[in-house]
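Each chain, written out:
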2 protein chains.
Amino acid sequence: MNSLQLEKIGSLKLRQAHIPEINSNEILLKVTHCSVCRTDAKMWERGQRDLVLPRILGHEICGISESGKRFVVWPGKACGQCRQCRRGAENLCREMQIMGFHKDGGFAEYAAVPESSLIPISDKLPGNIASLAEPLSCAINALEQAGVEKKDCVLIYGAGPVGLMTALAVRAAEAYPFVKEISPDKLVRSEVFRRQVGIKCVTDVDNNTSDFDVVINAAPSRDTFLKGLADLRPGGCFCLFSGLTDDSPIPVSVINEIHYRQLGITGAYGCTREQMRSALKLLSDYKEDIRLLIDDHIELEDVPVVLPKILGGQALKFIVKL
Amino acid sequence: MNSLQLEKIGSLKLRQAHIPEINSNEILLKVTHCSVCRTDAKMWERGQRDLVLPRILGHEICGISESGKRFVVWPGKACGQCRQCRRGAENLCREMQIMGFHKDGGFAEYAAVPESSLIPISDKLPGNIASLAEPLSCAINALEQAGVEKKDCVLIYGAGPVGLMTALAVRAAEAYPFVKEISPDKLVRSEVFRRQVGIKCVTDVDNNTSDFDVVINAAPSRDTFLKGLADLRPGGCFCLFSGLTDDSPIPVSVINEIHYRQLGITGAYGCTREQMRSALKLLSDYKEDIRLLIDDHIELEDVPVVLPKILGGQALKFIVKL
């Protein structure tokens, strides 16, 4: 089968591979769509904590089983036994194996998927839209970790696809989404989506109120953390949805602001099956809006070409169609 | 009246002062007990964010009204109108005026106290014990911010009086308190209290499990933050109960651990009236244990003598008796 393998950092190649063998409790899924994530681009550029090489990347997967059923894939495989699994945080399982990270993913014609990771989708949901369930469910996880409530004002750093999907999830939670974006290009690119969904745009100039209930970073700059904390009302919550890529350390005075202003910080990493089911519901409800986030449908061999665009912030979502 | 005034950093003097004039909605409280807080010592040594000089310090106050009623004092004065007040976080009020910080406090024979800040105490609760309601309610606030639940394992950095009171609150919440303390002296000094309340002691050697649900720092070292995060299970919560006094910055890799391990961080600063009422209940229930935290009852003029002992960790609680 055709597959796209990250052989080493910087080297992503189209390769012929054997159709994967399946273990008990797995099925062979014919991949129909796999959307490209910024994390795929990051892995290609600099690696990632959970990446084991060589690897078939791709973790935003929609496909069809041999019996003709359509599924999206929760890319994790959790033990089901550890403390995190037992308390419903399977994304934090100590034995976690993630497709496209620890195990081969969806940039291939077929993928071996644990039966427990298959989430059925409605006939009415197109596969390209369905493949966005994974990133949207990560956004839903961020909202849940930050405890977003109805009528909260939520500021999101970054108007890339994840920031915009997060804003959509905020809107769906009956809260008020705002975005901050330093790139004028990204603001232009996201304009129709923002208008349609009702996402307000905040500039540094008009935001001197420091009164957001929740701030979420969907961008990896250290500034999102430093400025984001200052954007919060006392007792507000900052969600570290993106890890930070800058190396400069954080002044202790910033940490002490957390103490004095009784702020909350929460991480968000991955998602659960339950959150993917919620995401599918949202994708159905906002199908026409979500479509605006798709730049193009591409072939496997086009992925290396679009990764630099994704890293450069010159694109929203590309979806590999197989 | 006699009063103890912090005239400038490092200079705390016994001074004659006028009995304070009271505004409408205030009463004149005859102070009977005011316990000495580490924050008083810190103000004397280096100042504090909310300190306005010159100032009569002291914010752990118990007293008696002209009509003979006994009260402890919630040291805050909140506006009651702002967003924080309306959502029950009056300790974060933007207009906050704290006795012993912004306004004169309890190291004096009399204090002017807003009627709304008076919390009545039972005849059965001695004034020395009652004066500990304020620090204990700050500990209760820390537990509430961190979301401590029944059966949680809670690690507290620091076996000083605040750490020990926090551990008591953990025990009262039917969770399991553990303390980490680097000073052998403090471990000896707290031994009877720890045994009586059922607080386990953790050393660096036996704590390689990184599996605490909650970690709370009741000590200002930067290490409590760095090590404390590593002590948490994935999804666990660190409570910044103490600000950090070291100046070395925090590496970004530490912040990224919050992202990847989906940790929570929360600040805790001050307390609410509701939490002070909870603290009074706890003080009644654990009266005999709490007594073990009191080193001595002292006079106003002894306070400057005990502050270095408090800063040096050579003491638990001193209570000024007036």
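The structure presented is a predicted model; accordingly, all values stated were derived computationally and were not measured.

Asks: Explain the side chain of Asp213(A) to me, using residue names and the numbers behind them.
Replies: Structurally, Asp213(A) can be placed in strand S14 (residues 212–217). At 2.4 Å, the side chain of Asp213(A) and the side chain of Arg83(B) are in polar contact. When residues no more than four places from it in sequence are discounted, the contact partners of Asp213(A) are Lys151(A), Asp152(A), Cys153(A), Leu232(A), Arg233(A), Gly236(A), Cys237(A) and Arg83(B).

Asks: Mind laying out the pattern of salt bridges, listing which residues take part and the relevant values?
Replies: Counted by the stated rule, this structure contains 28 salt bridges over all chains. In this structure, Glu7(A) and Arg15(A) form a salt bridge, with 2.5 Å as the shortest nitrogen-oxygen distance. Taken together, the shared-partner salt bridges in this structure form one network comprising Arg83(A), Arg94(A), Asp211(B), Asp213(B) and Arg233(B).

Asks: Tell me what's going on with unusual backbone geometry, and back it up with residues and numbers.
Replies: Residue and element names in this part refer to chain A. Following Leu53, the chain continues to Pro54 via a peptide bond in cis, the omega torsion being -10°. Tracing the chain through its elements places Pro54 in the loop between helix H1 (38–46) and strand S4 (55–56). Although it is not a glycine, Lys151 adopts a positive phi angle of roughly 70°. Structurally, Lys151 can be placed in the loop between helix H4 (133–146) and strand S11 (153–157). A residue is classified by how much of its surface remains accessible, and Lys151, at 61% relative accessible area, is exposed. Phi angles above zero are rare outside glycine, and Glu174 is one such case at about 60°. Positionally, Glu174 belongs in the loop between helix H5 (161–172) and strand S12 (176–180). A relative accessible area of 49% means that Glu174 is categorised as partly exposed.

Asks: Explain the interface of chain B and chain A to me, using residue names and the numbers behind them.
Replies: With 46 residues of chain B in contact, the opposing surface of chain A contributes 46 residues. Contact between chain B and chain A buries roughly 3700 Å² in total, counting both sides, with carbon and sulfur atoms accounting for 53%. Summed over the three residues of chain B that lose the most area to chain A, namely His259(B), Tyr260(B) and Gln262(B), the buried surface amounts to 21% of that side. Here chain B is connected to chain A by six salt bridges. Here Asp211(A) and Arg94(B) are joined by a salt bridge, their closest N and O atoms 2.9 Å apart.

Asks: Tell me about the domain arrangement of chain A, residues and numbers included.
Replies: Residue and element names in this part refer to chain A. Domain parsing of chain A yields domain 1 (2–135 + 270–321) and domain 2 (136–267). Its C-alpha centre places domain 1 at a distance of 25 Å from the equivalent point of domain 2. Taken together, the contact between domain 1 and domain 2 spans 26 residues of the former and 24 residues of the latter. When the two sides are added together, the surface that domain 1 and domain 2 hide from each other amounts to roughly 2200 Å², 68% of it contributed by carbon and sulfur. Considering only the side of domain 1, the residues that lose the most area to domain 2 are Pro135, Gln275 and Leu316, jointly responsible for 25% of the buried surface there. Summed over the shared surface of domain 1 and domain 2, the result is 14 residue pairs in polar contact (both at pLDDT 80 or more). Elements with a contribution of two residues or more to the side of domain 1 that touches domain 2: H1, H4, helix H10 (273–285) and helix H11 (287–291). The leading source of residues in the side of domain 1 that touches domain 2 is H10, at six residues. When the residues that make up the side of domain 1 that touches domain 2 are grouped by side-chain class, the tally is 14 nonpolar, six polar and six charged.

Asks: Could you give an account of H4(A), naming the residues involved and the relevant values?
Replies: All names here are of chain A. The end-to-end C-alpha distance of H4 is 20 Å, a good match for the 20 Å that 14 residues give at a rise of 1.5 Å each. With 12 of its 14 residues buried, H4 lies for the most part within the structure. Those residues of H4 not exposed but buried are Ala133, Glu134, Pro135, Leu136, Ser137, Cys138, Ala139, Ile140, Asn141, Ala142, Leu143 and Ala146. Once H4 finishes, Gly147 follows within two positions and takes phi at roughly 65°, a positive value.

Asks: So what about the sheet that holds strand S15 (residues 232–240) of chain A? Which residues, and what values?
Replies: Strand order in the open sheet formed by 12 strands is S13(A)-S12(A)-S11(A)-S14(A)-S15(A)-S16(A)-S14(B)-S13(B)-S12(B)-S9(B)-S10(B)-S11(B), with mixed pairing between adjacent strands. Every interior strand has two partners, whereas the edge strands, strand S13 (200–201) of chain A together with strand S11 (200–201) of chain B, have only one. Sheet analysis places S14(A) next to S15(A), joined by four bridges and oriented parallel. Each bridged residue has a counterpart across the sheet, and for Ile216(A) the counterpart in S15(A) is Cys239(A). Of the strands in this sheet, strand S16 (264–267) of chain A together with strand S13 (232–240) and strand S14 (264–267) of chain B touch helix H9 (residues 252–260) of chain A, which is tilted by about 70° from S14(B).

Asks: Please provide a residue-by-residue account of helix H8 (residues 222–230) of chain B, values included.
Replies: For H8(B), every residue scored as buried is listed here: Arg222(B), Thr224(B), Phe225(B), Gly228(B) and Leu229(B). Seen end-on, H8(B) carries its buried residues on one side only, within an arc spanning 165°. Check the buried side of H8(B) and you find it contacts H9 of chain A together with strand S9 (153–157), strand S12 (212–217), S13, helix H9 (252–260) and S14 of chain B. Capping the start of H8(B), Ser221(B) holds a side-chain oxygen 2.9 Å from the backbone nitrogen of Asp223(B), two or three residues further along.

Asks: Could you give me a rundown of the confidence of the model for chain A, with the residues and numbers involved?
Replies: When pLDDT is averaged across chain A, the result is 95; 98% of the residues are at 70 or more. With a pTM of 0.94, the predicted complex shows an ipTM of 0.94.

Asks: Give me the packing of aromatic side chains: which residues, what numbers.
Replies: All names here are of chain A. In total, this model carries six aromatic pairs over all chains according to the counting rule given. With a centroid separation of 5.4 Å and 85° between ring planes, the pair formed by Phe225 and Phe238 is classed as edge-to-face. Here Phe238 lies in strand S15 and Phe225 lies in helix H8 (residues 222–230), a separation of 13 residues in the sequence. Judged by relative accessible area, Phe225 falls into the buried class, the value being 1%. Here the basic side chain of Lys30 rests over the ring of Tyr110, its NZ or CZ set 5.7 Å away from the ring centre.

Asks: Break down the relation of the copies chain B and chain A for me, citing the residues and quoting the values.
Replies: With an RMSD of 0.0 Å, the fit of chain B onto chain A corresponds to turning through 180° and sliding 0.0 Å along the axis. Taken together, the rotation and translation relating the two chain copies correspond to the operation of a two-fold axis. A shared binding surface is used by both copies, with 100% of the interface residues of chain B retained as interface residues in chain A.

Criteria and cut-off values
- Residues numbered from 1 in each chain as written.
- Chains lettered and ligands numbered in written order.
- Predicted model: local features only at pLDDT ≥ 70, side-chain atom pairs only at ≥ 80, totals over all residues.
- Heavy atoms only, no water.
- Helix = DSSP H or I, 4+ residues; strand = E, 2+ residues; numbered from the N terminus.
- Polar contact = N/O pair within 3.5 Å; in protein donor to acceptor, adjacent residues only side chain to side chain.
- Contact = heavy atoms within 4.5 Å.
- Salt bridge = Lys/Arg side-chain N within 4 Å of Asp/Glu carboxyl O.
- Buried < 20%, exposed > 50% of the residue type's maximum accessible area, 1.4 Å probe, protein only.
- Buried area = accessible area lost by both parts, 1.4 Å probe.
- Domains from an automatic or database assignment.
- Nonpolar A, V, L, I, M, F, W, Y, C, P; charged D, E, K, R; others polar.
- Expected span 1.5 Å × (residues − 1).
- Pairing = 2+ DSSP bridges.
- Axes fitted to C-alpha atoms, helices over the stretch in contact; angles between N-to-C directions.
- Arc of directions from axis to C-beta.
- pLDDT = per-residue confidence, 0-100.
- Phe/Tyr/Trp six-rings, centres within 6.5 Å; stacked < 30°, edge-to-face > 60°.
- Lys NZ or Arg CZ within 6 Å of the ring centre and 35° of its normal.
- Least-squares fit on C-alpha atoms with pLDDT ≥ 70 in both.

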